[in-house]
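Listed here are the chains, written in short residue letters.
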Amino acid sequence: MKYKFSILVTVLFAATNLSFAQDNLVKSLDSNQSINSKEKFKFTEIINLENTSIKSQGSSGTCWSYSTNSFLESEMIKQGRKPVELSPIFTARYVYVEKGKNYVRMHGSVGLGDGGALHDVINMYRKYGTVPQSVYTGLNYGTKKNKFAEMASITTGILEAVVKNANETLTPNWINAYSGAIDAYLGKVPQSFTYEGKTYTPQSFAKERVGINPDDYVEISSFTDYPYYKKFTLLVPDNWSFDQVYNVKIDDITTIIDNALKKGFTVAWATDVSEKSFSWKNGVAYVPEIKYDDMTDQQKNELFDGPKPEMTITPEMRQQNFDNYNTTDDHGMHIVGLAKDQNGKEYYIVKNSWGLTNDYKGYLYVTKNFVRFKSTAFLLNKNGIPSAIRKEIGE
């Protein structure tokens, strides 16, 4: 608990002040590794769905946009379309504008930072469309990768000044000042652009070239505090828009994901990675049978040194860990396949947005138990949901 709380405080402080949450999160995982881990795991692919190249979100909290835009790219492949590598920062730019409006309307009583949720990508796609990465990189400030700390400090200052409202009555000018500051760093969004010899607007590109229907996607979670198979408001800081998700039973989480993968659908996944049993370097995540604080030094050193027994997860444990901040909504990734280790245990193949620097060149192997325990939400095409569950939720 002390470890988790210290990481949570670090991440939240950074997000509020200098948008360093992403860098702090990755750094906190540096020691989560074992020597020769890759040699001790023998993974066999069961399903590996086609997806686009690994990206790096740099020093920005835009995992939600990278993961869900990657998901949309795989949706294009599923539809038989030639995939386009979409601009995650186009999506993020519009989320920051909408989040700013919400912040002012809520008199500053809602989260800021550059975090977001899986549904934000679908919502912005519906309202604003999308563009290729080549058309809008978001690198208008001279760096080769996302580096959002200065922008976050300036835009937060603008919003705080607006909420304090020295004029007593708001003018319409504040939104232009706020949007202009964002555009100074990320660049202005093109009203139209040419791609592969044809001219589009972001909306026409979404309709004609990407071709997905935003109504086809649903977001799901699992908590004991709400009625099953009904919608509820997911109470995490990055759900700034107060969107609702479907509540399912804990066993339904992996049942749904398995069914989607078998039918050729990938899954966008929001989860907690600030765990001692999550190793970015070794590309493995699971739920140890023994709690970390109860392990011997040798067990800690060998945490990722081959397959290990796992703890049994109950709905009550899942709810309790969420309620006491041991499960936090701190990262978004993309589930693209299924594999098994040398003992036959199944793992999801997960695409990350932290570049190619780990043992599996940007991918991870995550046990089903970890996904059942630490998922905060997941988003998928409703055609990937088993028919019985889909009937239960009314989709």
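All values reported here derive from a predicted model rather than from experimental measurement. (Residues numbered from 1 in each chain as written. Predicted model: local features only at pLDDT ≥ 70, side-chain atom pairs only at ≥ 80, totals over all residues. Heavy atoms only, no water.)

S.K.: Where do I start with the overall build of the protein in this structure?
M.R.: Within the protein, the regular secondary structure consists of 14 helices and 13 strands. Its C-alpha atoms give the protein a radius of gyration of 21 Å, within 12% of the compact-globule value 21 Å for 395 residues. With the principal axes as the frame, the protein shows a C-alpha extent of 60 × 45 × 45 Å. When each of the 395 residues of the protein is scored for burial, the buried share is 57%. Restricting the contact set of the protein to residue pairs at least 6 apart, pairs at least 24 apart contribute 75%. For the protein, the exposed area adds up to about 17,200 Å²; of that, 51% sits on carbon and sulfur atoms. Here the protein contributes 45 positively and 44 negatively charged side chains, and the mean placements of these two sets differ by 4 Å. (Helix = DSSP H or I, 4+ residues; strand = E, 2+ residues; numbered from the N terminus. Rg over C-alpha atoms; globule rule 2.2 N^0.38 Å. Buried < 20%, exposed > 50% of the residue type's maximum accessible area, 1.4 Å probe, protein only. Contact = heavy atoms within 4.5 Å. Areas by Shrake-Rupley, 256 points an atom, 1.4 Å probe, with all protein chains shown as cover. Lys, Arg positive; Asp, Glu negative; His and termini not counted. Charge placed at Lys NZ, Arg CZ, Asp CG, Glu CD.)

S.K.: I'm lost on the packing of aromatic side chains in this one. Help?
M.R.: The description of two aromatic rings rests on the distance between their centres and on the angle between their planes. Taken as a whole and judged by the stated rule, the model has 24 aromatic pairs. Look at Phe90 and Tyr136: their rings are 6.3 Å apart centre to centre, the planes differ by 85°, and that puts the pair in the edge-to-face class. In this pair, Phe90 sits in helix α5 (residues 88-105) while Tyr136 sits in the loop between α6 (118-128) and α7 (149-164), placing the two residues 46 residues apart along the sequence. According to the relative accessible area criterion, Tyr136 is buried, its value standing at 3%. Between Tyr141 and Tyr185, the ring centres sit 6.1 Å apart and the planes meet at 55°, which makes this aromatic pair tilted. With Tyr141 in the loop between α6 and α7 and Tyr185 in helix α8 (residues 173-186), this residue pair connects regions lying 44 residues apart in the sequence. Three or more aromatic residues joined by ring pairs form one cluster here, namely Phe41, Phe43, Tyr347, Tyr360 and Tyr365. Over the aromatic face of Phe265 sits the side chain of Lys78, whose NZ or CZ is 4.7 Å from the ring centroid. Sitting above the plane of the Phe373 ring, Lys374 keeps its charged end 4.6 Å from the centroid. (Phe/Tyr/Trp six-rings, centres within 6.5 Å; stacked < 30°, edge-to-face > 60°. Lys NZ or Arg CZ within 6 Å of the ring centre and 35° of its normal.)

S.K.: Please explain the pairing of strand β10 (residues 331-340) as it appears in this structure.
M.R.: Each regular strand shows side chains that alternate between the opposite faces of the sheet. Of all 10 residues making up β10, 9 are buried, and the element is well covered by its neighbours. Sheet analysis places strand β7 (residues 267-271) next to β10, joined by 5 bridges and oriented antiparallel. Bridge pairing in β10 links Val267 to Ile335. In terms of strand pairing, β10 meets strand β11 (residues 346-351) through 6 bridges, oriented antiparallel. Across the sheet, residue Ala339 finds its bridge partner in β11, namely Tyr347. (Pairing = 2+ DSSP bridges.)

S.K.: Teacher, can you tell me more about the environment of Ser74 here?
M.R.: Structurally, the position occupied by Ser74 is in helix α4 (residues 63-78). Of the residues examined, Ser74 reaches a relative accessible area of 5% and is grouped as buried. As a C-alpha pair, Ser74 and Thr266 span 192 residues in sequence and 6.9 Å in three-dimensional space. Dropping the residues within four chain positions of it, Ser74 is found in contact with Glu50, Asn51, Thr266 and His334.

S.K.: Help me out: how do you make sense of the pattern of salt bridges in this one?
M.R.: This model, assessed by the stated rule, comprises 17 salt bridges. Linking Asp258 and Lys368 is a salt bridge whose minimum nitrogen-to-oxygen distance equals 2.7 Å. Pair noted here: Asp258 is in helix α10 (residues 250-262) and Lys368 is in helix α13 (residues 368-374), with a separation of 110 residues, a long-range link. Each member of the pair, Asp258 as well as Lys368, carries the same accessibility label: buried. One salt bridge connects Lys281 with Asp359, and the closest N-O pair in it is separated by 2.7 Å. Residue Lys281 is located in the loop between β8 (278-279) and β9 (284-285), and its partner Asp359 is located in the loop between β11 and β12 (363-367); the two are separated by 78 residues in the primary sequence. (Salt bridge = Lys/Arg side-chain N within 4 Å of Asp/Glu carboxyl O.)

S.K.: Please clarify how the confidence of the model for the protein should be interpreted in this entry.
M.R.: Low-pLDDT stretches of the model should not have their predicted coordinates read in fine detail. Here the protein shows a mean pLDDT of 93. Residues at 70 or above account for 95%. Long-range and interchain partners of residues 1-19, a stretch whose pLDDT sits below 50, account for 30 contacts in this model, where long-range means more than four residues apart. (pLDDT = per-residue confidence, 0-100.)

S.K.: Sorry, what's going on with the nonpolar core here?
M.R.: Soluble globular proteins tend to bury their nonpolar side chains together. Of all hydrophobic cores here, the largest spans 55 residues; its most connected members are Leu72, Tyr96, Leu186 and Phe205. The element that contributes the greatest number of residues to this core is α5, accounting for 9 residues. In this structure, Val218, Val287, Ile313 and Val371 belong to the second largest nonpolar core, which totals 41 residues. (Core = buried A, V, L, I, M, F, W, Y, C linked by side-chain atoms within 4.5 Å.)

S.K.: For this particular structure, what's the right way to read helix α9 (residues 202-210)?
M.R.: For an α-helix, the turn length of 3.6 residues means that residues three or four places apart are oriented alike. By the burial criterion, the buried members of α9 are Pro202, Ser204, Phe205, Ala206, Arg209 and Val210. Immediately beyond the C-terminal end of α9, within one or two residues, lies Gly211, with a positive phi of roughly 80°.

S.K.: Help me understand α5 in this model?
M.R.: If you check α5, its first and last C-alpha atoms are 26 Å apart, about what 18 residues at 1.5 Å a residue would give, namely 26 Å. Positive backbone phi, at 55°, marks His107, one or two positions downstream of α5. (Expected span 1.5 Å × (residues − 1).)

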